[in-house]
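Spelled out, the chains give:
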Amino acid sequence: MPILPVPSLNALLTKTLKTVKKTAAKNVHQHHILHHTLKGLDNLPTPLLERVNHQLKASTAEQYPLADAHLRLILAVSNKLKRPLALDKLPNLRQKFGTDAVSLQAPSVWQQNAEASGNSENAVSWQDKTIANADGGDMTVRCYQQSKQNNEGKSTDEVAMLFFHGGGFCIGDIDTHHEFCHTVCAQTGWAVVSVDYRMAPEYPAPTALKDCLSAYAWLTEHSQSLGALPSRIVLSGDSAGGCLAALVAQQVIKPIDALWQDNNQATETDKKANDTFKKSLADLPRPLAQLPLYPVTDYEAEYPSWELYGEGLLLDHNDANVFNTAYTQHSGLMQSHPLISVMHGDNAHLCPSYVVVAELDILRDEGLAYAELLQKEGVKVETYTVLGAPHGFINLMSVHQGLGNQTNYIIKSFACFVQNLLTSEGDEPNL
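Residues numbered from 1 in each chain as written. Predicted model: local features only at pLDDT ≥ 70, side-chain atom pairs only at ≥ 80, totals over all residues. Heavy atoms only, no water.

A. Structural context of the sheet that holds strand 3 (residues 160-164). Taken in spatial order, the 8 strands make up an open sheet running 1-2-4-3-5-6-7-8, and their pairing is mixed. Bordering the open sheet on either side are strand 1 (124-132) and strand 8 (381-390), each of which pairs with just one other strand. Averaged over all pairs of adjacent strands, the angle between strand axes in this sheet comes to 20°, irrespective of strand direction. Taken strand by strand, helix 9 (residues 207-222) contacts strand 1, strand 2 (138-146), strand 3, strand 4 (191-195) and strand 5 (233-238), and its axis lies near 165° from that of strand 3. (Pairing = 2+ DSSP bridges. Helix = DSSP H or I, 4+ residues; strand = E, 2+ residues; numbered from the N terminus. Axes fitted to C-alpha atoms, helices over the stretch in contact; angles between N-to-C directions. Contact = heavy atoms within 4.5 Å.)

B. Representation of the packing of aromatic side chains within the structure. All chains considered together, the criterion is met by 9 aromatic pairs. Arranged with centres 6.2 Å apart and planes meeting at 85°, the rings of Trp-110 and Trp-126 form a pair that is edge-to-face. Here Trp-110 is found in helix 6 (residues 108-111), whereas its partner Trp-126 is found in strand 1, with 16 residues between them in sequence. Residue Trp-110 is classed as partly exposed on the basis of its relative accessible area, which comes to 25%. Relative to Phe-414, the ring of Tyr-354 has its centre 5.5 Å away and its plane inclined at 85°; by these criteria the two rings are edge-to-face. In this pair, Tyr-354 sits in strand 7 (residues 353-360) while Phe-414 sits in helix 16 (residues 401-424), placing the two residues 60 residues apart along the sequence. (Phe/Tyr/Trp six-rings, centres within 6.5 Å; stacked < 30°, edge-to-face > 60°. Buried < 20%, exposed > 50% of the residue type's maximum accessible area, 1.4 Å probe, protein only.)

C. Seen up close, helix 4 (residues 69-81). The end-to-end C-alpha distance of helix 4 is 19 Å, a good match for the 18 Å that 13 residues give at a rise of 1.5 Å each. Within helix 4, 10 of the 13 residues are buried, which leaves it mostly tucked inside the rest of the structure. Taken as a whole, helix 4 has its buried residues at Ala-69, His-70, Leu-71, Arg-72, Leu-73, Ile-74, Leu-75, Ala-76, Val-77 and Leu-81. (Expected span 1.5 Å × (residues − 1).)

D. Molecular detail of the pairing of strand 5. Of all 6 residues making up strand 5, 6 are buried, and the element is well covered by its neighbours. Neither face of strand 5 is open: one carries Ile-233, Leu-235 and Gly-237, the other Val-234, Ser-236 and Asp-238, and all of them are buried. Relative to strand 5, strand 3 runs parallel, the two being bridged by 5 bridges. Bridge pairing in strand 5 places Met-161 opposite Val-234. Relative to strand 6 (residues 289-293), strand 5 runs parallel, the two being bridged by 5 bridges. In the sheet register, Leu-235 faces strand 6, and the bridge partner there is Gln-290.

E. Layout of the packing of helix 2 (residues 33-40) against helix 5 (residues 90-104). The interhelical angle for the contact between helix 2 and helix 5, taken along N-to-C directions, is 50°, at an axis separation of 5 Å. Here helix 5 runs oblique to helix 2, going by the angle between their axes. Handedness of the crossing formed by helix 2 with helix 5: right-handed. Here helix 2 contributes Ile-33, Leu-34, His-35 and Leu-38 to the contact with helix 5, which in turn contributes Asp-100, Ser-103 and Leu-104. Of the residues that constitute the contact of helix 2 with helix 5, the class distribution is 4 nonpolar, 2 polar and 1 charged. (Parallel < 35°, antiparallel > 145°, perpendicular 65-115°, else oblique. Left-handed = near helix turned anticlockwise from the far one by under 90°. Nonpolar A, V, L, I, M, F, W, Y, C, P; charged D, E, K, R; others polar.)

F. Just the pattern of salt bridges, in detail. Throughout the structure, instances matching the rule amount to 13 salt bridges. With a shortest N-O distance of 3.6 Å, Lys-376 and Glu-372 are connected by a salt bridge. Pair noted here: Lys-376 and Glu-372 are both in helix 15 (residues 364-376), with a separation of 4 residues, about one helical turn. Judged by its relative accessible area of 66%, Lys-376 is exposed. The class of Glu-372 is partly exposed, set by a relative accessible area of 43%. Within the structure, one salt-bridge network assembled from shared partners comprises Lys-82, Asp-316 and Asp-319. (Salt bridge = Lys/Arg side-chain N within 4 Å of Asp/Glu carboxyl O.)

Written out as structure tokens, the structure is:
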């Protein structure tokens, strides 16, 4: 990439941002404009990147010492794209976020499905399936598998990951997190099932949780068709999805009758339906592990990271407040209710957990507090903090080399964590 003077670079970025906005309006995904532009900027020398950052009023190295100039430029571009969030703007934001997130992804993870005949060592194919949501309607799940030819003779440990996307319970879908799920499948050989659960404000809490529990029940029944065992399901998700993963684990392991009846706005019909739904959880196998990424865990307390990182990053105070309001205001449940807030649920019997947090994240400290709580409860838990990383960093995995390396490391750590669990149970995995 030729080195352009700062004015030319600013003009290029301005043109790119305008193109992305037009793309968002048309909901066109295939161009991956942000991926090529933001990744290409990494070829520029650091002094030039810093000059552009100064022009864009980006965060400085003094503010975030472990975030390099390229990442701070990406954050500045994100802030240029961002508009103040409000409840009535969530439907439009959902479309825009969907377009921008896919535009950030590497084209190869979308092309490889057609090339899964064996040309690539880790070729992955995927298929969208329609299953029943918690209320009997249609819900889409995307199922990823390594191609049979490339997987011949290679153990996947018969593990399946059930993944719940992030987005404040209000935005995101199976496309916005396609790259991460694709990469998990390619690197681990696990089957991956990504869930397109219903979102707020149209469907307030605990609808998303009920849909995710329905997806878990579906996977336990159909896991063998994906080359996995129902006893080897691991739960994962980022941000809101990390919260859903933990809530699913809690409710599958120890469903509590009273929780499903504790809704002042529920009709008698709703209460009977909830009771039937809760009873259906009792026969489900326990998840093998949960692997949340920068999860939402506590709606009541404000931790130090809220003050430290509440402005100028990918998730700020206003975003969090709008998402929380949309998710809970019409639910009939308090924000501290155990079907909403992980920290207030029963964590005493939870499955082994590997909790990932980001340093530059409003949610960092509540994620660490959750891991500490699990440890006190005697649950096997490991934590990993991605230094210099913002909330939502897995959506930047292919445009920033450092975050890509960190995401790959986390996926390998997930695989090692799960393999160690299988080994400790006396079921030696084939390496």
